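One-letter residues, chain by chain:
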Amino acid sequence: MKTTFKELSYVLPVVTPRRVWNYAKVVSSFYVSKVLKRPVVWGLPIYLLYEPTNYCNLRCPQCPTGTRELARPEGMVDDTEAYRKTVDELAKDSFLVQLYFQGESYLSPKFFEMVEYATSKNLFSEISTNAHFLTDENCRKTIEAGLTKMIISIDGTTQEVFEKYRVRGRLSKVIEGTKRLIEWKKKLGRRNPYIVFQFIVFSHNEHQIEDIKKLGKELGVDEVSIKTAQIYNPENGNELMPRNEQLSRYELGADGHYHIKSDLANHCWFLWHTASVTWDNRVVPCCFDKHAKYQMGDTATQSFRDIWHSKKYTNFRQAILRGRKNIDMCTNCTEGLKVLEA
């Protein structure tokens, strides 16, 4: 997703010399690693992804949480000690805490506490939500907690289209919740959160792209993002794939099968700049490891720095540099994707 100039103005308040220096170390070590073909890690992650819960109220058909195919336990953070410890380790060097992975963050009773703690450390905080829990109370709490950015999933401008992917969802709740959040921002005199409408393009909604842009403008959101859809097992095609191939992550190959529009080069920026942690404190390589198959450590029992620089993490980065195509979760990854998200 591209960063707009308006969004950049929300980032600037968290910029410090130490964080910029860490960013420079992360970027330079990544490029050195690409050249040497061996992992060199000089900094700490720029982003921390910490999952409040993997429960969700919707049943989206291409989401392992929605389809109940997630191969790890369901649950939610019930004690923020490990989260706070990890934030404390990273706060002086990192820029952002992303409080979502799988699941709907508002279902976690510790969600607001987690946002407040990130805010107390002057960190940019971000969530993605299906916006079905934006009640008056939750809108007020969200703003008072200091959330910096909210991505609202809205994949249709009519109920008929919206519910084809957001199964069990109500478009009216999303729209009313968005209005309510904007009203509370005005009432409290706050600039945050930066609000994004995220529209994932499928075959059944690709005709509504201009409509969602219009709706976003009418409601007063800060940005409308058009995103390509991830499809599991896309080789033989899927009815959800857009007819306009320019709006798809996949293209039909000469072999008659669909392939992701990525060269799957032997490197991965995520492994140098982002740390991903599940609700039960398991560190995984990135957000594409939805099942936590490649666990690197446990923040409840280990120092994050020890995990980040561990032999296990080093070996995984080395495996990526040797042959990314050999790691199953990487074969459907957007790293190096030829199609741009708008």
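It should be noted that the structure appears before, not after, this text.
Keep in mind it's a predicted model, so treat the numbers as computed, not measured.

J.: Would you mind going over the packing of aromatic side chains with me for this structure?
T.: Each aromatic ring pair is specified by the distance between its two centres and by the angle formed by the two planes. All chains considered together, the criterion is met by 14 aromatic pairs. Where Y23 meets F95, the ring centres are 6.5 Å apart and the plane angle is 90 degrees; that geometry is what we call edge-to-face. Of this pair, Y23 sits in helix α2 (residues 17-36) while F95 sits in the loop between α3 (81-90) and β2 (96-98), placing them 72 residues apart in sequence. Taking the relative accessible area as the measure of exposure, F95 reaches 10% and is therefore buried. The structure contains a cluster of three or more aromatic residues connected by ring pairs, namely F30, Y31, W269 and W272. Here the guanidinium or amino end of K290 rests over the ring plane of F288, the centre of that ring lying 5.7 Å away. Taking NZ or CZ as reference, R317 lies 4.6 Å from the ring centre of W308, over its face.

J.: Even after reading the chapter, I still don't get the environment of Q198, so can you show me in this structure?
T.: Tracing the chain through its elements places Q198 in strand β5 (residues 194-201). For Q198, a relative accessible area of 7% gives the class buried. Sequence separation between Q198 and T301 is 103 residues; the distance between their C-alpha atoms is 36 Å.

J.: Any chance you could explain helix α7 (residues 171-188) here in plain terms?
T.: Helical geometry: 3.6 residues make up each α-helical turn, so side chains three or four residues apart lie on a common side. Relative to the 26 Å expected for 18 residues at 1.5 Å per residue, α7 spans 26 Å between its end C-alpha atoms, a close match to the ideal helical length. For α7, the full list of buried residues reads L171, V174, I175, G177, T178, L181, I182, W184 and K185. If you follow the buried residues of α7, they end up packed against α5 (136-145), β4 (149-153), α6 (159-165), β5 and α8 (209-219). Directly beyond the C-terminal end of α7, a positive phi value near 65 degrees is found at G189.

J.: Would you mind showing me how to read the sheet that holds strand β9 (residues 274-277) here?
T.: Strand pairs in the sheet, formed through backbone hydrogen bonds, run parallel or antiparallel to each other. What the nine strands build is an open sheet, ordered β6-β5-β4-β3-β2-β1-β9-β10-β11; its pairing is mixed. In the strand order of this sheet, the two ends are held by β6 (223-228) and β11 (297-298), each with one partner. In the sheet, strand β10 (residues 282-284) pairs with β11 via two bridges, with the strands oriented antiparallel. Paired with V283 across the strands is G297, a residue of β11.

J.: Please explain the pairing of β5 as it appears in this structure.
T.: The side chains of a regular strand alternate, first on one face of the sheet and then on the other. β5 sits mainly inside the fold: eight of its eight residues count as buried. As defined by bridge partners, β4 adjoins β5 across five bridges and the pair is classed as parallel. Counterpart to S153 in the pairing with β5 is Q198. You can see the chain leave β5, run along α8 and come back into β6, and the turn it takes is right-handed.

J.: Would you mind showing me how to read a nonpolar patch on the surface here?
T.: On the surface, a nonpolar cluster with roughly 510 Å² of combined accessible area is contributed by F5, L8, L12, V15 and V20. Mapped onto the secondary structure, L12 falls in the loop between α1 (5-11) and α2.

Thresholds applied
- Residues numbered from 1 in each chain as written.
- Predicted model: local features only at pLDDT ≥ 70, side-chain atom pairs only at ≥ 80, totals over all residues.
- Heavy atoms only, no water.
- Phe/Tyr/Trp six-rings, centres within 6.5 Å; stacked < 30°, edge-to-face > 60°.
- Helix = DSSP H or I, 4+ residues; strand = E, 2+ residues; numbered from the N terminus.
- Buried < 20%, exposed > 50% of the residue type's maximum accessible area, 1.4 Å probe, protein only.
- Lys NZ or Arg CZ within 6 Å of the ring centre and 35° of its normal.
- Expected span 1.5 Å × (residues − 1).
- Contact = heavy atoms within 4.5 Å.
- Pairing = 2+ DSSP bridges.
- Right-handed = clockwise from strand over helix to strand, strands pointing away.
- Patch = residues over 30% accessible without salt bridge, like charges linked within 9 Å, V, L, I, M, F, W, Y side chains within 5 Å.
- Areas by Shrake-Rupley, 256 points an atom, 1.4 Å probe, with all protein chains shown as cover.
- Salt bridge = Lys/Arg side-chain N within 4 Å of Asp/Glu carboxyl O.

No statement about biological role is implied by the geometric values presented.
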